[in-house]
Amino acid sequence: MTRQITIDDILKLVEFELVQQSLPQDNISEAIQRLHELQTYWHAEMLHKGRAPKMEEFANALFNANQTTLMLLQTINNSLEALKLESKKLKLLIEKGILEDEEENRSGSRELAYIKESLNILSQNLSRIRTLYSLEIQMRYSNLPIIGKFINRFRAAFHQLVYFYLNNYIQSQNIVNEQYKSLLQDMIIVNSSYVDKLQELILALQKITEHYSSNEEQS
Amino acid sequence: MNLKFSIVINTIDRAHSLRTLLKALEHQKYQNFEVIIVVGPTNDNTIDVLKEYEGRIHLIRCPTANLSMSRNLGLRAAAGDIVAYIDDDAVPSRNWLAQLNYIFATDPNIAATGGSVYLIHPFQPMIQHSLGVFSVSGKQYDVRNGLLDHLPIEGKGEFWTMRMMGTNMAYRREVLLSVGGFDELYEWVYDDSEVALRLSAAGFLVRPVQEARVYHVPASSRNRKVYTFLAKWWINTKAATYLCTLYWLHFKSDFYSIKNYIQFISGSHIRLYINLYKEKKISLVFLIKSIIYELSALSTGIYRAFKTNKRFSCNFKHIGTEERSFQAFMHESSCLQPAVSPISGSCANIEMAEPPLRIALLSYNYPPRLYDGVGRSTHMLAKGLFALGHTVHVLTHGERPIIQYYDGAYVHHVPYELKRYASLRHLPGVYHRLNYSHAVHECLLRLILNDDIQIVDTPLWLVDGFVTAVSKTLPVVVRPVTANKQISELINDKNQDQNLLSEIERQLLLHANIIAANSNATKQALHNVYNLDDKIDVEVIPYGIEPVSQEQIRPFPYHAPPEKLTVLYVGRLEKRKGIQDLFTAIPHVLQRIPNVEFIIAGADNSIHDGFQSQTGMDYFTFFSKNYPGYLSKVRFLGEVSEEQLNSLYQSCDLFVAPSLYESFGLIYLEAMNYAKPVIGCRAGGIPEVVDDGVTGRLVDPNSPKQLAEAIVTLLKSPRLLYEYGLAGRQRLLNQFTHVHMARGFERIYRLVLSKTRPGPRSQEQ
């Protein structure tokens, strides 16, 4: 089903672009994306789907992932702080009976709707991030006569040794990852609840505005 | 928190630029600052210039021409919390100090910062510096363009730090003192970068920012001749060699990268001298001298580095600070200072009763790059507003984000990418205009931040200011000319794209704080075409042009009329401009007066106005096929340059433009400017410009016979040609100059600003 574009559609598009611009820089989704890409890449690398990585590269990748996660946490924390401030401001305005411009309220609730939507997307993305990893031995077997068996046995022993330490390291990283993930999820929940709270406050404010204006008309 | 700023200006032999800078500093929004001027061994009238500012500045003399020494003297004399350095040939944006204060006040960890530097250059304007990085081996990049990704990784002694450019940098005074100020062995360059290295190495945070702009208008100095490659490049080599060797010794950085860098610097300088000699720009003696100096600079740099290295850690002794009172620079009348041209330093020679305004004018095309009707009228408005003392910024389309200064206005080029409104790709007109309008809006947001813009003035044509008007970020004044809808109806182009563009125009009008129509006809047309509510505020302000000097005007010589008379037509060759009526009239005229030549100047627009699809030919072919006998008497010039156009106006005897509709008719004014009689149609705003029977003749539109009659009548009467011409010129001087126009717009800008309360953004600032 198609219909012609009208000027109302264009005005809505302009509003949409302006709201996009007014939202804080989209660090969170960018960071999630980067994290996701990193994990996918190293997952593939470790499971011999790509080139064989060096230990140093692996450690570097983990550090990068951690760094990105930390950045993510910081950004979410900042937005949480900002929301807290907004919430306090609104509460104060309601308490003092200072009425905000109705148009501003409307644009405020529109922005909140966008924040809420981005938080949902964030939460979905987060649930997709894999935090638990383990490595299984995958080695090349030698088919040489007589010495092949010895080579294989030696290789297996060597791999086991390396993988033992590597898995230990990965286990501890997994724990950190899990903690990060749960922390992020908690923060998203808190953020969402703040958004809900803000929306409630805006509704309350609108009611007060209506009540105020009807009183004014009567008087 | 309002920190105290000490602005240090180091100057030698640049009295003219210095005066401009001081005038510009009076426009700073942030007022808690003092000005310290350190004057080197100057040979010009710098001291006389500074006498005007006696009591408001601190004057210090520096015995030698050494920039670092001069900067240290300024630092030592500073009484502010922050020491900000600006070059004597630069002009700060209005919010320069306000932004620096914000940065230092909000983050106590920041020890040094500085903003972008825009090079205001007549031929190669560019972003000269923005978010620079610098390494101990002397390499420097700007972070923009993603150059950071290509930097070699740290390690092997390669230590990178952010850096500022000396033209625009600020430091916490205590911090700069604690690292010993600037190293005085750098006479001219690298001093700014090297101090950033030392600050970073000492653990201080150096964080340049992208905004807090400074406009750099380079002037000649004793080390460099502006706009040429002639400079004492060996000073640069000495500084680079000294820096690289010293830090190589100290940080044990990579020897080969340093060796290569020094080779590159010195080698490129020597190659440059040789090329200059080949191009005969320098003499053989100068070439030999330069090469000797270059080699000597290399050895001096290395020698000094080894000498300094022995006492590097304790070399920069703390400079003692004496207590001194803080002398604020700003004057009581500062808020009434007219705007300053950063290039010539000129400003309006008038007493202002109210504070000058800061205005952003929008125009997709703008001279000197591209001329069109809107660009031309915007140019005149900008020039007029500057003449009245206001600061004008013009936003126009360009390929790169550069800033020029042209005829009283900062011209910001706004590039745009088609990265938004993807769902409208099938409507190319709407798609492009919305994307451009959004890019303009973003540029305006940065202008609010840097230059504290108060109001936006947009033409209706091409709807540049649509997004800004919808966003309600700033008050918007719309300048309607011929509406898109009128043109689509005239040329019978009614597709969805055109319809939506017309709707966008209507919405822009509805979102405007005020509409400034150029004529009563435009006002009426707006109501008719867009069905606007009568309550919508439409003011009529006629356009104006800059009068040429009295020597340039050429009234008709009625005592000695020329043998051959010239009739000029200027305008695009299209139906709306009445070109077909002129074609029909030409034979009638030539039959009665054979000694007439018609000159037709303007680009052919037969494809767009549908003429080609109807007749299968362009206007020139049409004329040559239909009127072959008269072709020798008609010259088609096509599109002409501005200079050519002026000379055509000057040399013609009669100007004819039988447009079927003109919202105003700027071309008639241009002819009247040279005291030429004009013939136009009774349509649109033309009767408001051309006084029928006084400055020219008016005929009915679509009436070639009337047109021919009017041309013949005038050409047969030399006295009328003379009198109408002079009366036209007088009418222009009385009513239609660019200053008359600017006064009208100033009035409505003030009206709008008095009605609109300041937005949250400006309150924050």
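Residues numbered from 1 in each chain as written. Chains lettered and ligands numbered in written order. Predicted model: local features only at pLDDT ≥ 70, side-chain atom pairs only at ≥ 80, totals over all residues. Heavy atoms only, no water.

Draft legend 1. The overall build of chain B, seen in detail. When you go through chain B residue by residue, the secondary structure sums to 26 helices and 28 strands. Burial status across chain B gives 58% buried among its 765 residues. Sequence separation of at least 24 residues holds for 72% of the intrachain contacts in chain B that already meet a minimum separation of 6. Placing the 79 positive and 73 negative side-chain charges of chain B at their respective mean positions leaves the two points 4 Å apart. (Helix = DSSP H or I, 4+ residues; strand = E, 2+ residues; numbered from the N terminus. Buried < 20%, exposed > 50% of the residue type's maximum accessible area, 1.4 Å probe, protein only. Contact = heavy atoms within 4.5 Å. Lys, Arg positive; Asp, Glu negative; His and termini not counted. Charge placed at Lys NZ, Arg CZ, Asp CG, Glu CD.)

Draft legend 2. Focus on the confidence of the model for chain A. Per-chain confidence: chain A averages 68 in pLDDT, with 45% of residues scoring 70 or above. Note that pLDDT drops below 50 for residues 23-27 of chain A; the model gives that stretch 3 contacts with residues more than four away or on any other chain. (pLDDT = per-residue confidence, 0-100.)

Draft legend 3. Fine view of the domain arrangement of chain B. As assigned here, chain B comprises domain 1 (1-221 + 317-347), domain 2 (228-316), domain 3 (355-546) and domain 4 (550-736). Taking only C-alpha atoms into account, the centre of domain 1 of chain B sits 56 Å from that of domain 4 of chain B. (Domains from an automatic or database assignment.)

Draft legend 4. Structural detail: the nonpolar core. If you look at the biggest cluster of nonpolar residues, it comprises 57 residues, and the most contacted ones within it are B:Leu361, B:Tyr649, B:Phe655, B:Tyr668, B:Leu669 and B:Tyr749. Setting aside chain neighbours within four positions, we find B:Tyr749 in contact with B:Leu357, B:Ile359, B:Leu361, B:Leu381, B:Leu385, B:Ile455, B:Asp457 and B:Val477. Listed in part, the 49 residues of the second largest apolar core include A:Leu11, B:Val414, B:Leu427 and B:Val440. (Core = buried A, V, L, I, M, F, W, Y, C linked by side-chain atoms within 4.5 Å.)

Draft legend 5. Structural detail: the interface of chain B and chain A. Counting residues at the interface gives 23 residues for chain B and 14 residues for chain A. For the pair chain B and chain A, the summed buried surface comes to about 1,500 Å²; carbon and sulfur atoms form 70% of the total. Along the contact surface separating chain B from chain A lie 0 salt bridges. Between chain B and chain A we count 1 residue pair in polar contact (both at pLDDT 80 or more) in total. Residue assignment for the side of chain B that touches chain A shows that the elements contributing at least two residues are helix H12 (428-451), helix H13 (466-471) and helix H15 (496-511) of chain B. Looking at the side of chain B that touches chain A, its residues break down into 11 nonpolar, 8 polar and 4 charged. (Buried area = accessible area lost by both parts, 1.4 Å probe. Salt bridge = Lys/Arg side-chain N within 4 Å of Asp/Glu carboxyl O. Polar contact = N/O pair within 3.5 Å; in protein donor to acceptor, adjacent residues only side chain to side chain. Nonpolar A, V, L, I, M, F, W, Y, C, P; charged D, E, K, R; others polar.)

Draft legend 6. Main features of the pairing of strand E19 (residues 455-459) of chain B. Residue and element names in this part refer to chain B. Among the 5 residues that make up E19, 5 are buried, leaving the element largely enclosed by the rest of the structure. The two faces of E19 match: Ile455, Asp457 and Pro459 on one face and Val456 and Thr458 on the other face are all buried. Judged from the 3 bridges that link them, strand E15 (residues 358-362) and E19 form a sheet pairing that is parallel. Among the inter-strand pairings, alanine 360 is bridged to a residue of E19, identified as valine 456. Relative to strand E20 (residues 476-479), E19 is paired through 4 bridges, and the arrangement is parallel. (Pairing = 2+ DSSP bridges.)

Draft legend 7. Representation of the sheet that holds strand E1 (residues 5-11) of chain B. Residues and elements named next belong to chain B. The strand order E3-E2-E1-E4-E12-E6-E13 describes an open sheet built from 7 strands, whose pairing is mixed. This sheet does not close on itself; its edge strands, each paired only once, are strand E3 (57-61) and strand E13 (205-206). With respect to the sheet, helix H4 (residues 96-106) is in contact with E1, strand E2 (33-39), strand E4 (82-86), strand E6 (110-113) and strand E12 (168-172), its orientation differing from that of E6 by roughly 155°. (Axes fitted to C-alpha atoms, helices over the stretch in contact; angles between N-to-C directions.)

Draft legend 8. Region of interest: the packing of aromatic side chains. Residues and elements named next belong to chain B. Considering all chains together, one arrives at 31 aromatic pairs over all chains under this definition. When the centroid spacing of 5.1 Å and the interplanar angle of 80° are considered together, the rings of tyrosine 405 and tyrosine 410 count as edge-to-face. For tyrosine 410, a relative accessible area of 7% gives the class buried. An angle of 40° between the planes, with centres 5.1 Å apart, marks the rings of phenylalanine 623 and tyrosine 627 as tilted. As far as burial versus exposure is concerned, phenylalanine 623 and tyrosine 627 are alike and both buried. Put simply, the rings of Phe583, Phe611, Tyr619, Phe620, Phe622, Phe623, Tyr627 and Phe636 touch in pairs and so form one group of aromatic residues. (Phe/Tyr/Trp six-rings, centres within 6.5 Å; stacked < 30°, edge-to-face > 60°.)

Draft legend 9. Just the sheet that holds strand E8 (residues 126-129) of chain B, in detail. Residue and element names in this part refer to chain B. Taken together, 4 strands build an open sheet; the order of strands is E5-E14-E7-E8 and the sheet is mixed. Strands with a single pairing partner mark the edges of an open sheet, and in this sheet they are strand E5 (90-92) and E8. Geometrically, the sheet is characterised by an average inter-axis angle of 30° between neighbouring strands, direction not taken into account. As paired elements, E5 and strand E14 (residues 214-216) share 3 bridges and run antiparallel to each other. Within the sheet, the bridge partner assigned to proline 92 lies in E14 and is valine 214.

Draft legend 10. Representation of the pattern of salt bridges. Residues and elements named next belong to chain B. Evaluation of the coordinates by the stated rule reveals 37 salt bridges over all chains. Residue arginine 94 is joined to aspartate 452 by a salt bridge in which the shortest nitrogen-to-oxygen separation is 3.0 Å. One end of the pair, arginine 94, is in the loop between E5 and H4; the other, aspartate 452, is in the loop between H12 and E19, with 358 residues separating them in the sequence. Residues arginine 173 and glutamate 174 are paired through a salt bridge, measuring 3.4 Å at the closest nitrogen-oxygen approach. Overall, the relative accessible area of 14% leaves arginine 173 in the buried class. Judged by relative accessible area, glutamate 174 falls into the exposed class, the value being 51%. Taken together, the shared-partner salt bridges connect Lys29, Arg94, Arg358 and Asp452 into one network.

Draft legend 11. Expanded view of the environment of B:His390. All names here are of chain B. If you trace the backbone, histidine 390 turns up in the loop between helix H11 (373-387) and strand E16 (391-397). Note on histidine 390: relative accessible area 0%, which makes it buried. Each C-alpha atom, one on histidine 390 and one on glycine 114, is 27 Å from the other, the two residues being 276 residues apart in sequence. Those residues in contact with histidine 390 that lie beyond four places of it in its chain are Ala339, Met352, Pro356, Leu357, Ile359, Leu385, Glu746 and Arg750. Here glutamate 746 takes part through its side chain, which lies 3.3 Å from a polar atom of the side chain of histidine 390.

Draft legend 12. The arrangement of the packing of helix H6 (residues 191-201) of chain B against helix H7 (residues 233-251) of chain B in detail. All names here are of chain B. H7 packs onto H6 with a crossing angle of 15° between their chain directions and a minimal axis gap of 12 Å. As the angle between them shows, H6 and H7 are arranged roughly parallel. Both H6 and H7 take part in a crossing whose hand is left-handed. Contacts between H6 and H7 involve Glu194, Leu197, Arg198 and Ala201 from the former and Leu243, Tyr247 and Phe251 from the latter. Class assignment for the residues of the contact of H6 with H7 results in 5 nonpolar, no polar and 2 charged. (Parallel < 35°, antiparallel > 145°, perpendicular 65-115°, else oblique. Left-handed = near helix turned anticlockwise from the far one by under 90°.)

Draft legend 13. Region of the structure containing the pairing of E2(B). All names here are of chain B. In terms of burial, E2 is largely enclosed, as 7 of its 7 residues are buried. Both faces of E2 are covered, namely the face carrying Phe33, Val35, Ile37 and Val39 and the face carrying Glu34, Ile36 and Val38. On the question of chirality, the crossover connecting E1 to the parallel E2 by way of helix H1 (residues 15-25) is right-handed. Direction of pairing for E2 relative to E3: parallel, over a ladder of 5 bridges. What sits directly across from valine 39, in E3, is arginine 61. Note that the unit made of E2, helix H2 (residues 46-51) and E3 has a crossover that is right-handed. (Right-handed = clockwise from strand over helix to strand, strands pointing away.)

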